[in-house]
Amino acid sequence: MAEIGKGVTAGKLAINVQKRLTRAQEKVLQKLGKADETRDVVFEEMVANFNKQMGEGTKLQKDLKAYLAAVKTMHDASRRLQDCLADMYEPDWFGKEEMDALAEDTDTMWLDYHQSITDKSLQDMDMYLSQFPDIKARIAKRDRKLVDFDSARHHFTSLQKGKKKDEAKIAKAEEDLGRAQKIFEELNVELQDELPALWDRRVGVYVNTFQSLAGHQEKFHKEMSKLSENLNDIMTKLEEQRQINEGANHNESASSAPKRSAPPPGPPPSRPPPRMTPSPNQQQQNVSPFEDEPSVHDTNTDSTTTTLQSAVTNGSDGELPPGFLYKVKAVHDYAATDGDELELKMGDVVLVLAFDNPDEQDDGWLMGLKESHWFQKKDISAKGVFPENFTQRV
């Protein structure tokens with residue numbers, strides 16, 4: 001007989017079609033209540049547990065794959081971030097070699113973490129789920145053989161109850177019934193042994209899967225924590241290097257800034273012409289008839305002289321107020337050219353102060369406050385700098 005397909009002959013095909021028709025007919029009769037249906041409540045509960053276990057395992061496998069995909073994504077993001085840092089990190093910065101080594105170690109840690117989860121957790125789950133398709137197929141086969149067994153039993157019973165008994169048909173039906181029962185019971189016994197054992201193994205599988213995952217996570221995060229501390233140390237020292245360089249640059253700029261130069265002193269003050277002393281005869285000739293009364297001119301001259309002497313010597317002969325270094329007196333006039341400078345008039349007495357920051361003192365310049373201002377207001381807000389060569393110590 002010609003083959004219909006590879007490994008399938010027309011006879012086998014006809015037998016398979018006949019079996020399907022018989023099973024369909026038997027199920028219709030069972031639903032209509034015209035044929036008894038064999039039920040096994042215990043086995044049905046086992047099958048329900050099996051389907052639940054297979055669904056949970058499939059979901060866990062799917063979620064593990066999603067977790068691994070996320071780890072892969074994080075690895076790629078970490079690598080790009082490390083590459084970006086390496087590209088920006090200049091060779092003369094602190095820890096350039098350490099930074100490159102840290103980037104390599106970080107990449108290796110991600111690779112090991114991904115591979116460990118794949119080898120231990122995911123592959124174990126794949127192996128665990130690989131047995132479910134075969135068991136599922138045998139459960140389906142067991143259900144078909146149960147229908148065949150019910151159909152053979154019904155056929156044998158109907159022949160026995162028939163009015164015309166054909167012993168040959170009855171014997172053949174009894175033989176078919178025995179064969180169907182044997183096939184069904186063999187499958188049924190195997191599944192009744194395997195399904196409870198498989199149901200109990202799920203706990204161990206879940207424990208091993210998540211213990212392994214937790215162990216790999218703990219190791220990974222511990223090692224990554226060390227690398228993160230190293231990165232933080234490198235960044236801290238880089239910041240310290242930046243501050244040191246910034247301070248050095250500031251000092252260089254401060255030292256290279258132009259210093260205030262003391263102006264050359266003006267011409268020395270000119271002395272007044274010497275007063276001539278008249279002879280006694282001249283004094284007598286120049287005596288006014290009103291000599292008993294002082295002249296207005298002489299009175300004003302003496303008053304002016306007294307006032308000038310008082311202004312020059314006022315406060316100069318007293319003790320030095322606290323906080324001041326010494327006194328100087330202006331021997332030339334000085335016109336201030338900047339807001340922080342002190343304008344001097346010849347004869348001004350100045351109380352010299354120390355600079356708040358000695359580095360700010362330029363050569364040839366002093367900081368001070370006019371003594372007259374100090375005795376009037378008792379504050380140093382009017383202090384200023386002035387050229388030292390315009391004064392002399394008193």
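The model shown is predicted, which means the values in this text are computed figures rather than measured ones. (Residues numbered from 1 in each chain as written. Predicted model: local features only at pLDDT ≥ 70, side-chain atom pairs only at ≥ 80, totals over all residues. Heavy atoms only, no water.)

1. Overview of the overall build of the chain
Here comes step 1: Looking only at helices and strands, one finds 8 helices and 7 strands in the chain.
Here comes step 2: Among the 394 residues that make up the chain, the fraction classed as buried is 28%.
Here comes step 3: For the chain, the share of sequence-separated contacts (at least 6 apart) that also reach a separation of at least 24 residues comes to 71%. (Helix = DSSP H or I, 4+ residues; strand = E, 2+ residues; numbered from the N terminus. Buried < 20%, exposed > 50% of the residue type's maximum accessible area, 1.4 Å probe, protein only. Contact = heavy atoms within 4.5 Å.)

2. Notes on the side chain of Ser212
Here comes step 1: By the element assignment, Ser212 lies in helix H5 (residues 167–256).
Here comes step 2: According to the relative accessible area criterion, Ser212 is buried, its value standing at 19%.
Here comes step 3: Once you skip the residues sitting within four places of it in the chain, Ser212 turns out to touch Lys120 and Ser121.

3. Re the packing of aromatic side chains
Here comes step 1: For the structure on display, the rule yields 9 aromatic pairs.
Here comes step 2: Measuring from ring centre to ring centre gives 5.3 Å for Tyr89 and Trp93, while their planes differ by 75 degrees; the resulting arrangement is edge-to-face.
Here comes step 3: Take Trp93: its relative accessible area is 31%, and that puts it in the partly exposed class.
Here comes step 4: A network of ring pairs unites the aromatic residues Phe50, Tyr128 and Phe132 as a single cluster.
Here comes step 5: The ring of Phe43 has Arg142 lying over it, and the distance from NZ or CZ to the ring centre is 3.7 Å.
Here comes step 6: Just above the ring of Trp199 sits the side chain of Arg202; from NZ or CZ to the centre is 3.7 Å. (Phe/Tyr/Trp six-rings, centres within 6.5 Å; stacked < 30°, edge-to-face > 60°. Lys NZ or Arg CZ within 6 Å of the ring centre and 35° of its normal.)

4. Observations concerning the sheet that holds strand E6 (residues 384–387)
Here comes step 1: Pairing in this open sheet of 5 strands is antiparallel, and the strands run E6-E5-E4-E3-E7 from one edge to the other. Of all strands in the sheet, those with a lone pairing partner are E6 and strand E7 (391–393), marking the two edges. Direction aside, neighbouring strands of the sheet carry axes that sit 50 degrees apart on average. (Pairing = 2+ DSSP bridges. Axes fitted to C-alpha atoms, helices over the stretch in contact; angles between N-to-C directions.)

5. Section: the nonpolar core
Here comes step 1: Membership of the largest hydrophobic core comes to 28 residues, with the highest contact counts inside it found for Phe50, Met125, Tyr128, Phe132, Ile135, Ile139 and Leu195.
Here comes step 2: Among the elements of the structure, helix H2 (41–88), helix H3 (96–129), helix H4 (132–161) and H5 are those that each provide at least two residues to this core.
Here comes step 3: Tallying contributions element by element places H2 first for this core, with 9 residues.
Here comes step 4: If you look at the next biggest cluster of nonpolar residues, it comprises 20 residues, including Leu342, Met367, Leu369 and Trp374. (Core = buried A, V, L, I, M, F, W, Y, C linked by side-chain atoms within 4.5 Å.)

6. Describing the UniProt feature "coiled-coil region" (unreviewed entry) in the chain
Here comes step 1: Per the UniProt record, "coiled-coil region" (unreviewed entry) is annotated on residues 163–190.
Here comes step 2: Helix makes up 86% of residues 163–190 and strand 0%. Its end C-alpha atoms lie 40 Å apart. (UniProt positions renumbered as here; feature names shortened; annotations may be inferred.)

7. Things to note about the pattern of salt bridges
Here comes step 1: Under the criterion given, the structure shown has 19 salt bridges.
Here comes step 2: Taking the shortest distance from any N to any O, the salt bridge between Arg138 and Glu194 comes out at 2.4 Å. Residue Arg138 is located in helix H4, and its partner Glu194 is located in helix H5; the two are separated by 56 residues in the primary sequence.
Here comes step 3: Using a relative accessible area of 17% as the deciding quantity, one classes Arg138 as buried. (Salt bridge = Lys/Arg side-chain N within 4 Å of Asp/Glu carboxyl O.)

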